[in-house]
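Listed below are the residues making up each chain.
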Amino acid sequence: MKIIDAHLHLFNPDERSETMARQVGHENSLPYLENLYKSQGVVAGVVMGNQKLSPDAYRFPSFFRYCIAVGSKYQGPKEEAQTIELAEEHLKRSACVGIKIYAGYTLAYVSDARFTPYIKLAEKYDKPVAIHTGMTAGVRGQLKYSHPLTVDEVAGAYPKVQFVLCHFGNPFLCEAAAVMEKNANVAADLSGLLSGIPDLDRYFHRHAGYVEWMRTWLRYLDDDSRFLFGTDFPAVNIPRYIEYIRRLVDEESLEKIFFHNANRIYGLGL
Ligand SMILES: [Zn+2]
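Read on for a plain summary of the structure. Computed from a predicted structure; not experimentally measured.

What follows deals with unusual backbone geometry. The omega torsion across Asn-170 and Pro-171 is 5°, close enough to zero to call that bond cis. The linkage connecting Phe-233 with the following residue, Pro-234, adopts the cis geometry, with an omega of 5°. Looking at the secondary structure, you find Pro-234 in the loop between β8 (227-228) and α10 (238-248). Not every positive phi belongs to a glycine, and Tyr-58 is a case in point at roughly 65°. Checked against the element boundaries, Tyr-58 lands in the loop between β2 (42-48) and β3 (64-69).

With that settled, consider the coordination of the zinc ion. Protein coordination at the zinc ion: the donors are His-7 (NE2), His-9 (NE2) and Asp-232 (OD), at 2.0 to 2.2 Å from the metal. For the zinc ion, all donor residues lie on one chain, and their spacing in sequence is H-x1-H-x222-D. Neither residue differs from the other here; His-7 and His-9 are each classed as buried.

Looking now at the pairing of strand β7 (residues 186-189). Covered by surrounding structure in β7 are Val-186 and Ala-188 together with Ala-187 and Asp-189, the residues of both alternating faces. As for the winding sense of the linkage, the β-α-β connection from strand β6 (residues 163-166) through helix α7 (residues 173-182) to β7 is right-handed. When β7 meets β8, the two strands line up parallel, connected through two bridges. Residue Asp-189 lies in a different strand from β8, and its bridge partner there is Leu-228.

Our focus in this paragraph is the pattern of salt bridges. Taken as a whole and judged by the stated rule, the model has eleven salt bridges. For the salt bridge of Arg-59 with Asp-56, the shortest nitrogen-to-oxygen distance reads 3.8 Å. For the pair Arg-59 and Asp-56, a shared accessibility class is recorded, and that class is exposed.

Between its first and last C-alpha, helix α11 (residues 254-265) extends 16 Å over twelve residues, near the 16 Å set by a 1.5 Å rise per residue. Within the span of α11, buried status applies to Leu-254, Ile-257, Phe-258, Phe-259, Asn-261, Ala-262, Asn-263 and Ile-265. Considering only its buried residues, α11 is in contact with β1 (3-8), β2, β6, β7, β8 and α10. At the C-terminal side of α11, Gly-267 shows a positive phi close to 55°.

Within β3, six of the six residues are buried, which leaves it mostly tucked inside the rest of the structure. By the alternation rule, side chains of β3 split into Phe-64, Tyr-66 and Ile-68 and Arg-65, Cys-67 and Ala-69, which are all buried. Sheet topology note: the β3/strand β4 (residues 96-101) ladder contains four bridges and is parallel. By the bridge assignment, Tyr-66 is partnered in β4 with Cys-96.

So, how was this worked out
Residues numbered from 1 in each chain as written. Predicted model: local features only at pLDDT ≥ 70, side-chain atom pairs only at ≥ 80, totals over all residues. Heavy atoms only, no water. Helix = DSSP H or I, 4+ residues; strand = E, 2+ residues; numbered from the N terminus. Donors = N, O, S within 2.8 Å, 3.2 Å for Na, K, Ca; no water. Buried < 20%, exposed > 50% of the residue type's maximum accessible area, 1.4 Å probe, protein only. Right-handed = clockwise from strand over helix to strand, strands pointing away. Pairing = 2+ DSSP bridges. Salt bridge = Lys/Arg side-chain N within 4 Å of Asp/Glu carboxyl O. Expected span 1.5 Å × (residues − 1). Contact = heavy atoms within 4.5 Å.

What follows is the structure, given as structure tokens:
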């Protein structure tokens, strides 16, 4: 089965990202990741941006496409105008497949005016807006900003824009599913739902309630065209994570969730 990883990060090599990758049995390097992907049948990856915008930012091998990170810092009007211009330059490129809003880490609701110019650009270039939803890593983020219900307002205001709830709003799955039910232009990626390298037999036994809860909300819409596989590398062990999602979702939905939905939503043309 061909796989698209619709949510990963490529961090610069520093102590923090090395440690993160090592904790899940990986290395934080591009050649390592490309080899690993090949061995697992992953044919493309969508990098969720963390870099500051510049014309030279986001230069990756063609295996990867990317979403630019926007609106994470408050800027003065002049600097903001330059950033919006840079965002547009990126969105014109075929390798740039969307924008990423780090709600929760950025202490602002996704409906905040600072994000509006970028959402409008996403609309102009017909590219998705991915939004961090649900739990934040560390204590500095605030869950009120990353709660999936906050996406309802913008999804309604921009019906032509495709939104992606990263992490399916976990653990606010019911609310994420409600936002998706109400707004046909909202999808969800299934990245970053597992920490460490757990024994999956033990996991599925011990967390049977959570697993059924997740399956309940995955099936609630009765529409498997709106869920995307993603890992959140370097936060998860990739082979274990593929196995986890494979066991979690319905057999008949595997090919859509692992490949076709991301290919369509991020316009990868594979
Ligand atoms: Zn992520």
